[in-house]
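Summary of structural features
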Amino acid sequence: MSEHATPFLPFALPDIGEEEIAEVVDALRSGWVTTGPKTRQFEADFAQYLGSSEADPLQAISVNSATAGLHLALEAIGIQPGDEVITTPYTFTASAEVIRYLGAHPVFVDIDPATFNIDPEKIEAAITPRTRAIIPVHFAGLACDMTRILQLARQHGLKVVEDAAHTLPSRHRGALIGTLQSDATVFSFYATKTITTGEGGMVVMRDKALAQRCRTMRLHGINRDAFDRYVSKTPAWYYEVVAPGFKYNLTDIASALGIQQLKKADRFQQRRQQMAERYNAALADLPLILPPKATIAGDSHSWHLYVLQVRPEAGINRDQLIQAMADRGIGCSVHFIPLHLQPYWRDTYALKPEDFPHALQVYQGAFSLPLYTRMSDADVERVIAALRDILRSAA
Ligand SMILES: *Cc1c(COP(=O)(O)O)cnc(C)c1O
């Protein structure tokens, strides 16, 4: 690095403003730092954001990660040891590990290379008498063809839990993800996601009994939370343990962040979309495959991730390209290393790389450019210039 090197542009940064800081300070000064009033407000705000109404009420259940939320949702729908749950190999390991938490088995179905999402046309062939559920993952924030997936699930009596870690906000046929007819939808507020609480997640569902099960299981299997014990008329010391639950509740410190981040979710999405459009226009003539776009009418993209593929004729491979970007001070990443290549999944289910040829092929060329709201237009142009320069030298 030279003395006057431009600062490193990280792959991702959270966008935390003074509003979030003030709300967190308010939580800290209140004396209530675990699950309490801020968490209740965040849940209410989240349900309202998705359009919950008296006619169509949505239950929003906060949790301390999307992984926890996926686990709770699968537990609530009754996944048992030996059951099979269909999901994609082109995802983060959390989507599948939660299936193993319950002693059930993931059955991977390859992606459609045009969307990077699970290929609905291949799901049917993977259904066996043991199949209980499907976990579609809306990769990068582009919605799966949920119309088709929900139709298949209904035909075969399967539950659907959407992994919506990337999708706040995305739409399918005009409807926000989180409001479709699946059994549960799970959002992530991890540090790099579209809105963040540091760590956190939200389970959204309509069924009140399922929601109650999630609420109980997120806090030790106790049927009332600490705040309820604090404010309700029943003696504060009294509670009942009805199941061996988990410790998955979200703190008020995190929820304070979430309350303010949620207010910015639409503005953040618009900015990411603008940056994605600039990348699309500026990179179209290069030996790259641009990211999948929404093609179904009424679908929209959260642009959580901007994932390109290097074409074989580029004269440089993906690993070299990421290194060359790093040498120019720009952080890139890879989403994702397919699960069937990971030692645990590969060895447990005797999976071979060519079992999921589309996931394998996309992965071999895939790299993600930085795309987050803290980036300036100049940062976006810097990324474009670096990539153009690297590919020009490689040609
Ligand atoms: C980040 C992520 C998760 C897990 O989210 P956490 O909130 O970190 O538990 C699950 N699925 C996908 C696809 C993700 O990218």
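The shown structure was predicted, so the numbers you read here are calculated from the model rather than taken from an experiment.

So, the pattern of salt bridges
- Within the structure shown, the criterion is met by 17 salt bridges.
- For the salt bridge of D56 with R206, the shortest nitrogen-to-oxygen distance reads 2.7 Å. Placement of D56 in the loop between α2 (37–49) and β1 (59–63) and of R206 in the loop between β9 (201–205) and α7 (208–217) is noted, with a sequence separation of 150 residues between them.
- For D56, a relative accessible area of 31% puts it in the partly exposed group.
- As a salt-bridge pair, D119 and K122 come within 3.4 Å of each other at their nearest N and O atoms.
- Classification of D119 by relative accessible area gives buried; the value is 12%.
- Owing to a relative accessible area of 36%, K122 belongs among the partly exposed residues under this scheme.

Some remarks on a nonpolar patch on the surface
- Judged by side-chain polarity, I16, I21 and V25 come together as a nonpolar surface patch covering roughly 200 Å² of accessible area.
- One can find V25 in helix α1 (residues 18–30).

Observations regarding the site of the ligand
- The local shell around the ligand holds 16 residues, among which T67, D163, H166, S188 and K193 are the closest.
- When the ligand sits alone it has 380 Å² of accessible area, and the protein chains cover 93% of it.
- For the shell around the ligand, the secondary-structure elements that each account for two or more residues are α3 (66–76) and α4 (94–101).
- For the shell around the ligand, the residue count by class is seven nonpolar, seven polar and two charged.

Side note on the domain arrangement of the protein chain
- The domain architecture assigned to the protein chain consists of domain 1 (18–263) and domain 2 (265–394).
- Counting residues at the interface gives 44 residues for domain 1 and 37 residues for domain 2.
- Taking both partners together, domain 1 and domain 2 bury about 3300 Å²; carbon and sulfur atoms supply 64% of that area.
- Between domain 1 and domain 2 we count zero salt bridges in total.

Topic: the UniProt feature "modified residue: N6-(pyridoxal phosphate)lysine" (unreviewed entry) in the protein chain
- The positions UniProt marks with the feature "modified residue: N6-(pyridoxal phosphate)lysine" (unreviewed entry) are K193.
- Mapped onto the fold, K193 is located in the loop between β8 (184–188) and β9.
- Excluding anything up to four places from it in sequence, K193 contacts A165, H166, S188 and H304.

Regarding the side chain of R271
- Tracing the chain through its elements places R271 in helix α10 (residues 265–283).
- Polar contacts involving the side chain of R271 include one to the side chain of Q274, which spans 2.8 Å.
- Not counting residues up to four positions away in its chain, the partners in contact with R271 are T373, M375, S376 and D377.

Some remarks on the pairing of β9
- Within β9, five of the five residues are buried, which leaves it mostly tucked inside the rest of the structure.
- Judged from the five bridges that link them, β1 and β9 form a sheet pairing that is antiparallel. Across the sheet, residue A60 finds its bridge partner in β9, namely V204.
- Pairing analysis gives four bridges linking β8 to β9, with the strands arranged antiparallel. Considered in β9, the bridge of T185 is made with V204.

A word on the sheet that holds strand β5 (residues 159–163)
- Judged by pairing direction, the sheet is mixed, and its seven strands sit side by side in the order β1-β9-β8-β5-β4-β2-β3 without closing on themselves. Two strands close off the open sheet at either side, each with one partner strand: β1 and β3 (105–108). Strand-to-strand, the axes of this sheet are offset by a mean angle of 25 degrees, without reference to chain direction.
- Relative to β8, α3 is tilted by about 165 degrees, and along the sheet it contacts β1, β4 (131–135), β5, β8 and β9.
- Its contacts with the sheet place helix α6 (residues 146–156) against β4 and β5, and it is angled at close to 150 degrees to β5.

Remarks on the nonpolar core
- Membership of the largest hydrophobic core comes to 38 residues, with the highest contact counts inside it found for F42, F46, L50, I123, L168, F187 and M202.
- Those elements that provide at least two residues to this core are α2, α5 (120–126), α6, β9, α9 (252–263) and α10.
- The next biggest cluster of nonpolar side chains, apart from the first, holds 32 residues, and it includes M275, Y306, A324 and I390.

Description of unusual backbone geometry
- Residue P169 is reached from L168 by a cis peptide bond, and omega for that bond is -5 degrees.
- Here P169 lies in the loop between β5 and β6 (171–172).
- Here the amide bond leading from H335 into F336 is cis, since omega sits at -5 degrees, within 30 degrees of zero.
- Looking at the secondary structure, you find F336 in the loop between α11 (318–327) and α12 (343–348).
- Even without glycine at this site, R173 takes up a positive phi of about 45 degrees.
- Tracing the chain through its elements places R173 in the loop between β6 and β7 (175–176).
- Despite not being glycine, A350 shows a phi value in the positive range, around 50 degrees.
- Owing to a relative accessible area of 57%, A350 belongs among the exposed residues under this scheme.

Each value, and the rule that gives it
- Residues numbered from 1 in each chain as written.
- Predicted model: local features only at pLDDT ≥ 70, side-chain atom pairs only at ≥ 80, totals over all residues.
- Heavy atoms only, no water.
- Salt bridge = Lys/Arg side-chain N within 4 Å of Asp/Glu carboxyl O.
- Helix = DSSP H or I, 4+ residues; strand = E, 2+ residues; numbered from the N terminus.
- Buried < 20%, exposed > 50% of the residue type's maximum accessible area, 1.4 Å probe, protein only.
- Patch = residues over 30% accessible without salt bridge, like charges linked within 9 Å, V, L, I, M, F, W, Y side chains within 5 Å.
- Areas by Shrake-Rupley, 256 points an atom, 1.4 Å probe, with all protein chains shown as cover.
- Near = heavy atom within 4 Å.
- Nonpolar A, V, L, I, M, F, W, Y, C, P; charged D, E, K, R; others polar.
- Domains from an automatic or database assignment.
- Contact = heavy atoms within 4.5 Å.
- Buried area = accessible area lost by both parts, 1.4 Å probe.
- UniProt positions renumbered as here; feature names shortened; annotations may be inferred.
- Polar contact = N/O pair within 3.5 Å; in protein donor to acceptor, adjacent residues only side chain to side chain.
- Pairing = 2+ DSSP bridges.
- Axes fitted to C-alpha atoms, helices over the stretch in contact; angles between N-to-C directions.
- Core = buried A, V, L, I, M, F, W, Y, C linked by side-chain atoms within 4.5 Å.

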